[in-house]
Amino acid sequence: MVAIVLVSTFAVCSNVRAVDASHLLSQYGHTAWRLQDGDLPSPVYPIAQTADGYLWIGTQAGVLRYDGARFVPLDTLTKSRLSNPFILALLGAKDGSLWIGTIAGLSRWKDGKLTEFSDVQGAVRSFSQDENGNVWLLHNSKVAKPLCEIVGSGVTCYGAESGLNPSGLCCDNLITDGKGAFWMGTDTSLVEWREHTQSKSFPIVAKIKAGTPGELALARSPSGAIWVGLPITGPGLGLQRMVGGQWQPFHTASLDGESLAVLTMFQDRAGSLWIGTMDHGIYRLTSDRVDHFDSKDGLTSDSVYSFFEDREGNMWVTTSAGIDRFRDFKVWSYTTREGLSVDEVDAVLASHDGKIWAGTANSLATVDQAGIHSLRAGRDLPGTQVTSLFEDRAGRLWVGIEKGLWIYTAGKFTAVIKQDEKVGMGMVAALAQDAVGDMWVLSMHPSKLFRLRDDHVVEEFDGPTYQSVRSMASDPNGGLWLGLQNGDLAHTGASEQRVSTHLDASVRDIAVAPHGLILGATSKGLIVFKQGALRILSAKDGLPCDAMNGLVTGGDGSLWLYMSCGLAKVELSTIEDALHNPDRTVKVNVIDAVDGLRPGYAPFQRKIARAPNGTLWLANGVVLQSFDPGAHAASNEAPPVHIESLTADRKQYPAGGDLTLPALTRDVQIDYTATELAVPQHTRFRYRLDGRDRDWVDAGQRRQAFYTDLPPGTYRFHASASNDGANWEEAPATLEFTVEPAFYQTGLFMILVVTAFALALWLLFAWRIARAKIQMRALVEERHAERERIARELHDTFLQAVHGLVLRFHVAVQRIPSTQPARELMERALDYADEVIVEGRDRVTQLRALEQKEAHLEDSLRLMAQKLDPDSRVIFRLRVEGAHRTLDPVAGDEVLRLAQEAMANAFGHAKASHIDIVVGYERKRLRLSVVDDGIGFDADTIAEKRAMGHWGLKGMHERAENLRAKLAISSRPGIGTALELVVPGSIVYRHATKSWKRRLYQLHALVMSNGTKAQPPDRDE
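Just so it is clear, the structure is predicted and the values come from calculations on it, not from any experiment. (Residues numbered from 1 in each chain as written. Predicted model: local features only at pLDDT ≥ 70, side-chain atom pairs only at ≥ 80, totals over all residues. Heavy atoms only, no water.)

Along helix 3 (residues 572-580), the residues that are buried comprise L572, I575, A578 and L579. One face of helix 3 carries all of its buried residues, which in axial projection span an arc of 120°. Each element contacted by the buried residues of helix 3 is listed here: strand 46 (509-513), strand 47 (517-522), strand 48 (525-530), strand 49 (533-537), strand 51 (558-563) and strand 52 (566-571). (Buried < 20%, exposed > 50% of the residue type's maximum accessible area, 1.4 Å probe, protein only. Helix = DSSP H or I, 4+ residues; strand = E, 2+ residues; numbered from the N terminus. Arc of directions from axis to C-beta. Contact = heavy atoms within 4.5 Å.)

See below:
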């Protein structure tokens, strides 16, 4: 199998890190992706990272993109295809390009486009980039020009004419110092070449003698030494170094370099050399210290193909069976592999000299810069189980060992209380020293409290209170604070005090913080007490969970809680504020399992300790762990965010450019991500769609946003990511897209709808007016018909009868002598009867006045004036404005009757000398005014006192109301009277009705008919 060496620089990002070389490989966070897991389609060879943070993985079946959470094939990102899917080399260049070397040629991926370079034929085996950003590649050339430089869109290759004359079969691997020097490996030698100079070859004699095929693995140390690895073992083979032009084998006390079959090598940023072997996994050399990791430790395979170090410092390893990743933990673990005698750590102490002491089930271990050393049971330790550790003010180490108590100084143990002494002491669970220097010992089984002075027991407490003590801490003001089995707190000394919490949960650890704040760790929350104020803080108050095993104050005003779900940091000022404000919650920063923390429970009080340099040390009952808050204080910068694609109704659109979605798009899905490669579990997202969302939407770990039934419009999508919930990084480019409207969603359609609605309202109004007119005309015609009937009845019955009666009286009068007084009376009565008959005929004539349909209103008014003033005693003037229009017979009759009443009043009662009448034929109305200069009257008084049975003003108003007209009468005594009538033209004028209107009218009359006879308006021809 070919071996791949990938050399890539990341000058584009200065904020690059490396794994901490001071720790063993077994201490790193190790993650494995195996071929059988399904994420990888085939064996993996090279890995690279582009400037946008994406990791690119080359396989036999193409290229995969990885963002920390998802593997995405390159084929799904573009319709273009590689010349061959078998990937040999990858390079993430400074300009953001991804260079891809296959067994058939060269391609570049940049800005979402895949470009093939036809100038390069054959397998591209290795890439390198110099400090100027120029990309170099090594390929199998048919014209003996193996080394090429990519210049613009072309390629310039170098061979013998440029001084490059490699000996042997050339070439497989390439490294550079970035300043013009290149090293290449042939099958038998190392070749060094600088531009414009002759190349140098350094043959490996043992390889030539072996005659075994296989390529050379290359690496360059910071000092300039060249490391060469060969895939065969033996003298002069395996791992070799080129120093001063000479080959030197590598040997240490723990490793013989010539025994390694090397396939690949890599020099990381910390200066460590990573060696991938054919059958023994990984070796790492760090300052002559050798570390080993293979399949027995969890490596996917012992056959290692390549290494890659990403920008975050993670080390990626490809093997014949998958991919492995090594990353720094925030919390480091120490087990038997790192030097502990047993995996059971029950107590921990940080002494003032910087040493860490750990009590285990069979030893007392110390951790310092020299490593881990253990005092083992049966040899150096006077017992087996170490239970408690304490350093007094004199710097002496107190050690509880089983049921005894010892002081360790100058490398010796001195017994304070031996296990066989008859003092009734059980297993030592906790130790403390009070303000006056006395030592206090808490024992279990039986539960007792002892006070020691000058290393001797001076007092024993075994009352009910002391029998339930589970933890204790010294009070700087004197005495001790005790944590009890039932969750209560108690204070010893001159000011004895008991604080009831009602928790019914043991106080596992207790501490006295600055300013008198008493803190207790229980399985149900954190006890906070100060000067009579008490509060229990739990998950509902902002803590990550309820149960905690230990606590310790920090030197920066903080409190660290060792909890069952993580290591939590909270500010003491925040806790005190929450104590006095019950509605306040606390804000915490949490270190959890993905950071390397392994929460657990140790049976004794000392579970967490703070070293003088601020490092926290933890005992969880199994392993010893350390966490340096200062090293990770500024490591929570937000990861870079990318908006990848938009999917609308199952059709995917690439992000960027002018993006327009079709009308009636129902479902929209937007994919975004953040390139956090080490701990993607900590990455949290939020997003906002301008035009839809008013505020940020918390998405948690979800990397997709979903929207349904977006209305037409233009939208802009924002995505943001954070690793700690405080520092948020927003995507450098937003995604803007437009949803096109359907026709019924356009402004034109809305105008049409509004127009149609307005037209419908107008038609409804017109229909209502037409119906009202029909009803009014039916009523008026009915009244007119009734008047005609009355006129006929009066003429045919009453007037004829009166006329006959008068004739009989005439006959009777003729028989009365003229000399008789009765005759004269009878003749006068007959004269009066004639006048009555004449008046009756006039009334009948008036009732039938408008039978002549074509009579003009103004002509009728003149005739009426002549009858009312035959002697022309009043000056009468009539003026017509506008062109004459034919009036509807019924409405015109009503207007005439109203005018007749007004003129009768003016001629008969007003005593006027002038009467002016104006008839105005306007387009939409008929206007009639009657004005006199008579004596006038009080209109309001007359309206209130009008007699029943007389028309008067009431009749005129009723006629105006029937016409839907406006009638205005103004008059004052002594100044005359003015009357103005305004009748709508749609009612008073006769209109020509079009055929469709007539049919509509007839249909309406048929539907709305309620038995009233209604005639359609006459049609003018």
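Read on for the rest.
Bringing the state of the cysteines into the picture now. Taken as a whole and judged by the stated rule, the model has three disulfides. Put simply, C170 and C171 are joined by a disulfide, and their sulfur atoms are 1.3 Å apart. Across the S-S bond linking C170 and C171, the dihedral sits near -90°, which makes this disulfide left-handed. Accessibility expressed as a relative area gives 22% for C170, which makes it partly exposed. The residue that forms a disulfide with C545 is C565, at a sulfur-sulfur distance of 2.2 Å. Its S-S torsion of approximately -90° makes the covalent link between C545 and C565 left-handed. Of this pair, C545 sits in the loop between strand 49 and strand 50 (548-553) while C565 sits in the loop between strand 51 and strand 52, and the two are 20 residues apart along the sequence. (Disulfide = S-S within 2.5 Å.)

As a further point, take the pairing of strand 21 (residues 246-249). Where strand 20 (residues 239-243) meets strand 21, four bridges bridge the pair, whose relative direction is antiparallel. Within strand 21, the position partnered with M242 by the bridge is W247. What sits between strand 20 and strand 21 in their antiparallel hairpin is a turn of two residues, with G244 showing a positive phi close to 65°. (Pairing = 2+ DSSP bridges.)

It is worth spelling out the nonpolar core at this point. Core analysis: the biggest nonpolar cluster contains 38 residues, and L857, L861, V895, I917, L926 and L981 have the highest contact counts within it. Elements that contribute at least two residues to this core include exactly helix 6 (857-868), helix 7 (889-908), strand 68 (914-921), strand 69 (925-932), helix 9 (952-962), strand 71 (976-984) and helix 10 (985-988). Counting residues per element, this core draws most heavily on helix 7, which supplies nine residues. Those residues in contact with I917, other than ones at most four positions away along the chain, are L861, F876, R877, L878, R879, M903, L928, S929 and V930. (Core = buried A, V, L, I, M, F, W, Y, C linked by side-chain atoms within 4.5 Å.)

Turning our eyes to something else, we now look at the UniProt feature "domain: Two component regulator three Y" (unreviewed entry) in the protein. The UniProt record annotates "domain: Two component regulator three Y" (unreviewed entry) at residues 680-739. Here residues 680-739 is 0% helix and 55% strand, with 33 Å between the C-alpha atoms at its ends. (UniProt positions renumbered as here; feature names shortened; annotations may be inferred.)

Right, let's get into the sheet that holds strand 15 (residues 181-185). Two pairing modes exist for strands in a sheet, parallel and antiparallel, and in both the strands are linked by backbone hydrogen bonds. In space, the four strands of this open sheet follow the order 14-15-16-17, with antiparallel pairing throughout. At either margin of the open sheet sits one strand with a lone partner, and together these are strand 14 (173-176) and strand 17 (200-203). Neighbouring strand axes in the sheet, compared pairwise and without regard to direction, differ in orientation by 20° on average. With five bridges joining them, strand 15 and strand 16 (residues 189-194) adopt antiparallel strand pairing. Looking at strand 16, one finds that G185 is bridged to L190. (Axes fitted to C-alpha atoms, helices over the stretch in contact; angles between N-to-C directions.)

If you trace the backbone, R877 turns up in strand 67 (residues 875-881). The class of R877 is partly exposed, set by a relative accessible area of 41%. Expressed as a C-alpha distance, the spacing of R877 and H139, which sit 738 residues apart in the sequence, is 120 Å. In this structure R877 touches H914, I915, D916 and I917, once residues within four positions along its chain are discounted. One polar contact links R877 to D916, side chain to side chain, over a distance of 2.6 Å. (Polar contact = N/O pair within 3.5 Å; in protein donor to acceptor, adjacent residues only side chain to side chain.)

In this structure the tally under the stated criterion is 37 salt bridges. Across the pair R535 and D541 runs a salt bridge, and its minimum N-O distance is 3.0 Å. Across the pair, exposure class does not vary: R535 and D541 are buried alike. For the salt bridge of D709 with R666, the shortest nitrogen-to-oxygen distance reads 3.3 Å. In this pair, D709 is assigned in the loop between strand 63 (704-708) and strand 64 (713-722) and R666 in the loop between strand 59 (659-661) and strand 60 (667-674), connecting sequence segments 43 residues apart. Note on D709: relative accessible area 45%, which makes it partly exposed. For R666, a relative accessible area of 47% puts it in the partly exposed group. Several salt bridges converge on common partners, so that one network encompasses R65, D67, R70, E644, D671 and R703. (Salt bridge = Lys/Arg side-chain N within 4 Å of Asp/Glu carboxyl O.)

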